[in-house]
Amino acid sequence: MQAQPQASHYIDGAFVEDTDGAAFDVIYPYTGAAVARLHAATPAVLDRALAAAERAQADWAARPPVERGRVLRRAAEIIRERNRPLSELETLDTGKPLQETLVADAASGADALEYFGGYAPTVTGQTIALGGGDFAYTLREALGVCAGIGAWNYPTQIACWKAAPALAFGNAMVFKPSELTPLSALKLAEILTEAGLPPGLFNVVQGAGAVGAALVTDPRVAKVSLTGSVETGRKVYAAAAEGIRHVTMELGGKSPLLVFDDASLDDAVGAAMLGNFYSAGQICSNGTRVFVQKSAIGAFLDRLEARSRAIVLGDPMEEATQMGPLVSAAQRDKVMGYIKAGVEEGARLVCGGGNGGRNDGFFVEPTVFADVTDDMVIAREEIFGPVMCVLGFDTEDEAVARANATGFGLAGGVFTADLSRGHRVVSRLQAGTCWINGYNLTPVEMPFGGVKLSGVGRENGHAALEYYTQIKTVHVSMGGVDAPY
Ligand code: NAD
């Protein structure tokens, strides 16, 4: 299978190549074979992208918002029309099964374009009466050129969650996808052009951390939105601070899911599986610490084990396949290292722990550990693979305290039949995004993001406006000027 794009980068409405940039292969995680070969952006390529973005931005911001929105909504339609080929490309890039990419990736990207396309014309400012006829009013202005930097787990979704609000509110964007999954952002760029986006407003440059770092410190960049690990977030946040740039940081997590003994156990098991095994566990908000009330833990584990063992691993292009390989050999090795550490620390392996007998890709089978204690490495660090830790608890206070005893704060969930308890527990969770009797649902209408080490800012929902615009305040004097000199 081949997925070679016309060229590595997309700048000013066209594909651009510069073979002086270091070459790298795009590996299909199921076969380990290269499906494309690209070149990292050279300083000249970056300069072209930033110059194009800067040139195009002011005109775009001056267009009627309804016109900007129309372009985005047209792009959403094109994405939906081409869902299958886009999903196949996402599967090649990430190894995620088609069963998922057909419903979760391009589709959620289209939702973001549609949502922000509709939101753009509704943005208003304030008027503030000041007495004596004087007043002030506020204008929501675009920030300018935004840099977007993506992770490899949801390449299309991440590109759209950043591009859609940025463009809707009058900004331009230079987007750098993860070097592991560079293909779908190029498709998004082509589709935006086809939908009528003027050249220069959405540019894609390829490369690894060094290219991202060069973007973050360029004086033309007003804002940086990163989706990545806490470690990278620290570097990018610090570099952005040098120029007092705006940031959105969507970082890692080790989120808790609290299951009380009055919950529907089938639903709780289903949610715990979705929150640990979807995308082979490579999801930032996963509920990887599943705290189950001790009175229910036996029944919970029995059902969980049976359903986990039944998950179908295999060829991601087969629609019956429920779990594909991890994104890379390095990620597979990292996850296997954590599984080994869990066993060595004395956690009980309920199921999984190997590659499911599959040597045809970077597979890790759905893995459940029980008898996990809070101090174990597998309960403290983000694994980013299909590894669930189940921990027992007795009381609500204990569960909440242990759930919060982490530096991360991306997400959290609670399962209980007692809705008062559900609301009470989430009000006490130190997490940016919470679910009651569900997990990992992230419709574009709701803000998403983390607290503590898991991030700064929010994507999606009305909240995104705060992160892609700035307020200009205008004071209007209706009388004369009362000067003392
Ligand atoms: P990563 O931090 O290794 O890389 C993320 C991106 O940052 C890549 O494009 C990379 O090239 C770039 N980068 C690396 N060093 C950089 C630097 N110094 N300056 C600028 N850019 C740099 O993360 P990853 O391994 O690609 O993704 C997995 C991580 O992302 C996990 O921790 C996961 O939790 C997190 N994540 C968070 C969210 C969220 O919304 N909160 C969503 C998806 C993934």
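Residues numbered from 1 in each chain as written. Predicted model: local features only at pLDDT ≥ 70, side-chain atom pairs only at ≥ 80, totals over all residues. Heavy atoms only, no water.

Quick look at the pairing of strand β11 (residues 246-250)
Thought 1: By the criterion of burial, β11 is predominantly enclosed, with 4 of the 5 residues buried.
Thought 2: Taken together, the 5 bridges between strand β10 (residues 221-227) and β11 define a ladder with parallel strand orientation. Within β11, the position partnered with S225 by the bridge is T248.
Thought 3: Following the backbone out of β10, through helix α9 (residues 230-242) and into the adjacent parallel β11, one traces a crossover that is right-handed.
Thought 4: The pairing of β11 with strand β19 (residues 455-456) spans 2 bridges and is antiparallel. When the bridges of β19 are listed, E250 appears paired with G455. (Buried < 20%, exposed > 50% of the residue type's maximum accessible area, 1.4 Å probe, protein only. Helix = DSSP H or I, 4+ residues; strand = E, 2+ residues; numbered from the N terminus. Pairing = 2+ DSSP bridges. Right-handed = clockwise from strand over helix to strand, strands pointing away.)

Describing the domain arrangement of the chain
Thought 1: Looking at the chain, the domain boundaries give domain 1 (9-251 + 454-472) and domain 2 (256-436).
Thought 2: Using C-alpha coordinates to define each centre, domain 1 is positioned 30 Å away from domain 2.
Thought 3: At the junction of the two partners, domain 1 supplies 31 residues and domain 2 supplies 30 residues.
Thought 4: Of the roughly 2300 Å² buried at the junction of domain 1 and domain 2 (both faces included), carbon and sulfur atoms supply 58%.
Thought 5: Taken together, the links from domain 1 to domain 2 amount to 1 salt bridge.
Thought 6: Ionic pairing is found between R84 and E319, a salt bridge with its closest N-O pair at 2.8 Å.
Thought 7: When contributions to the side of domain 1 that touches domain 2 are tallied by element, the ones reaching two or more residues are α3 (83-94) and α4 (98-104). (Domains from an automatic or database assignment. Contact = heavy atoms within 4.5 Å. Buried area = accessible area lost by both parts, 1.4 Å probe. Salt bridge = Lys/Arg side-chain N within 4 Å of Asp/Glu carboxyl O.)

Some remarks on the sheet that holds strand β17 (residues 411-415)
Thought 1: Spatial strand order, β14-β15-β16-β13-β12-β17-β18: 7 strands in an open sheet with mixed pairing. Each edge of the sheet is formed by a strand with only one pairing partner; in this case those strands are β14 (348-351) and β18 (433-436). Sheet twist, expressed as the average angle between the axes of neighbouring strands with direction ignored, equals 20 degrees.
Thought 2: With 4 bridges connecting them, strand β12 (residues 256-259) and strand β13 (residues 289-293) associate as parallel partners. Note on β13: the bridge partner recorded for V259 is V292.
Thought 3: Contacts from helix α10 (residues 265-277) reach β12, β13, β15 (367-370), β16 (387-393) and β17 within the one sheet, and its direction differs from that of β16 by about 140 degrees. (Axes fitted to C-alpha atoms, helices over the stretch in contact; angles between N-to-C directions.)

A few points about the environment of A411
Thought 1: Within the secondary structure, A411 is located in strand β17.
Thought 2: The buried category is assigned to A411, whose relative accessible area is 3%.
Thought 3: Sequence separation between A411 and F448 is 37 residues; the distance between their C-alpha atoms is 9.0 Å.
Thought 4: Setting aside residues no more than four positions away along its own chain, A411 makes contact with S255, P256, S285, A431, T433, W435 and Y439.

As for the pairing of β15
Thought 1: Of the two faces of β15, both are covered, the one formed by T367 and F369 as well as the one formed by V368 and A370.
Thought 2: Sheet analysis places β14 next to β15, joined by 3 bridges and oriented antiparallel. Considered in β15, the bridge of C351 is made with V368.
Thought 3: Sheet topology places β15 next to β16; 3 bridges connect them, and they run parallel. For T367, the partnering residue across the bridge sits in β16 and is V387.

Describing the nonpolar core
Thought 1: In terms of nonpolar packing, the biggest core is built from 85 residues, with L113, F116, L167, L188, L192, F202 and V205 touching the most fellow members.
Thought 2: In this structure, this core is formed jointly by two domains, domain 1 (9-251 + 454-472) and domain 2 (256-436), each of which donates at least three residues.
Thought 3: Membership of the second largest hydrophobic core comes to 69 residues, among which are A280, L304, L326 and F363. (Core = buried A, V, L, I, M, F, W, Y, C linked by side-chain atoms within 4.5 Å.)

Observations regarding empty space enclosed by the protein
Thought 1: Tallying each qualifying case throughout the model produces 4 cavities of 30 Å³ or more.
Thought 2: The space that makes up the largest cavity amounts to roughly 70 Å³.
Thought 3: For the lining of the largest cavity, the elements supplying multiple residues, two or more each, are α3 and α7 (183-194).
Thought 4: Sorting elements by how many residues they give to the lining of the largest cavity places α7 first, with 4 residues. (1 Å grid on protein atoms, 1.4 Å probe; cavity = no way out; pocket = protein on both sides within 12 Å on 5 of 7 lines; lining within 4 Å. Points joined across faces, edges and corners; volume = space filled by probe spheres on them.)

Notes on the UniProt feature "active site" (unreviewed entry) in the chain
Thought 1: What UniProt calls "active site" (unreviewed entry) maps, in this numbering, to K162, E250, C284 and E459. From this annotated list, the subset lining the largest pocket comprises E250 and C284.
Thought 2: Examined against the element boundaries, K162 turns out to sit in helix α6 (residues 155-168).
Thought 3: Residue K162 is classed as buried on the basis of its relative accessible area of 0%.
Thought 4: Sequence-distant contacts of K162, that is, excluding residues within four places in its chain, are made with G148, I149, M173, F175, S225, L226, T227, E459 and Y468. (UniProt positions renumbered as here; feature names shortened; annotations may be inferred.)

As for the sheet that holds strand β20 (residues 469-476)
Thought 1: One open sheet accounts for 3 strands, arranged β5-β6-β20; its pairing is antiparallel. Unpaired on one side and paired on the other, β5 (127-131) and β20 mark the two borders of the sheet. Ignoring strand direction, the axes of neighbouring strands in this sheet form an average angle of 25 degrees.

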